[in-house]
Amino acid sequence: LKLHPSHVEMTLNLSTAYERLGRREDAVRMMERAVQLDPGNASYLNGLGYLLIDLVPDRARARTLIEQALAKSPDHPAYQDSMGWLMFREGQPEMALQWLRKSWARLKDAEVAAHLGEVLWSLGQREEARQIWDEAEKAGASSPQSLEALRQVRARLIGSP
């Protein structure tokens, strides 16, 4: 990045690396840089918004960014997942469930399953949560990081993998 400060892909890769290393503020800083380099990119807006939900508690800004991404691509399952997770973190599990069900219908990803399952669990719909987690694990199309996130949520909530 020192040689090519406007290289968006490298900026995104660095944000991801920082996030995996637990360097939250650095991950957000790099994603903010990506948004500055390409402010109309819905994926970057959503990515930054998603990071802000849990990594840096700035949910008002997260909502604005995710809403901007959804305005550009309302049927994008990753953006729907982000909005659902934001709603859950804001204490609105019923609204979260609507967003997450839409996302899951389009994207059978372990991270979406982790979010949807956690919301269902919180609403007492535990058998459905287990079914969704099982389906996501069997699908096998998710990244190793998404599968690990799913397993952690499942272990935290039910005490077993």
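As enumerated under the stated definition, the model contains 13 salt bridges in all. Between Glu135 and Lys108 there is a salt bridge; the shortest N-O distance is 4.0 Å. One end of the pair, Glu135, is in helix H8 (residues 126–139); the other, Lys108, is in the loop between helix H6 (93–106) and helix H7 (110–122), and 27 residues separate them in sequence. With a closest N to O distance of 2.9 Å, Glu118 and Arg156 form a salt bridge.

Moving on, we come to helix H4 (residues 59–72). An ideal rise of 1.5 Å per residue puts 20 Å on 14 residues; H4 measures up with 20 Å between its terminal C-alpha atoms. For H4, the set of buried residues is Ala62, Leu65, Ile66, Ala69 and Leu70. Buried residues of H4, seen end-on, are gathered within an arc of 140 degrees and therefore sit on one face of the element. Exposed residues lying more than 90 degrees from the buried face of H4 are Ala60 and Ala71. On the buried face of H4, the contacting elements are helix H3 (42–54), helix H5 (77–89) and H6.

This part takes up the side chain of Asp81. Inspection of the secondary structure puts Asp81 in helix H5. Ignoring anything within four residues of it in the chain, the contact list for Asp81 reads Tyr50, Leu100, Ser103, Glu111, Val112 and His115.

This brings us to the environment of Leu86. Considering the arrangement of structural elements, one finds Leu86 in helix H5. A residue is classified by how much of its surface remains accessible, and Leu86, at 0% relative accessible area, is buried. Each residue touching Leu86, except ones within four places of it in the same chain, is listed here: Ile53, Arg59, Ala62, Arg63 and Ile66.

Conventions used here
Residues numbered from 1 in each chain as written. Predicted model: local features only at pLDDT ≥ 70, side-chain atom pairs only at ≥ 80, totals over all residues. Heavy atoms only, no water. Salt bridge = Lys/Arg side-chain N within 4 Å of Asp/Glu carboxyl O. Helix = DSSP H or I, 4+ residues; strand = E, 2+ residues; numbered from the N terminus. Expected span 1.5 Å × (residues − 1). Buried < 20%, exposed > 50% of the residue type's maximum accessible area, 1.4 Å probe, protein only. Arc of directions from axis to C-beta. Contact = heavy atoms within 4.5 Å.

Just distances and angles here, no functional claims.
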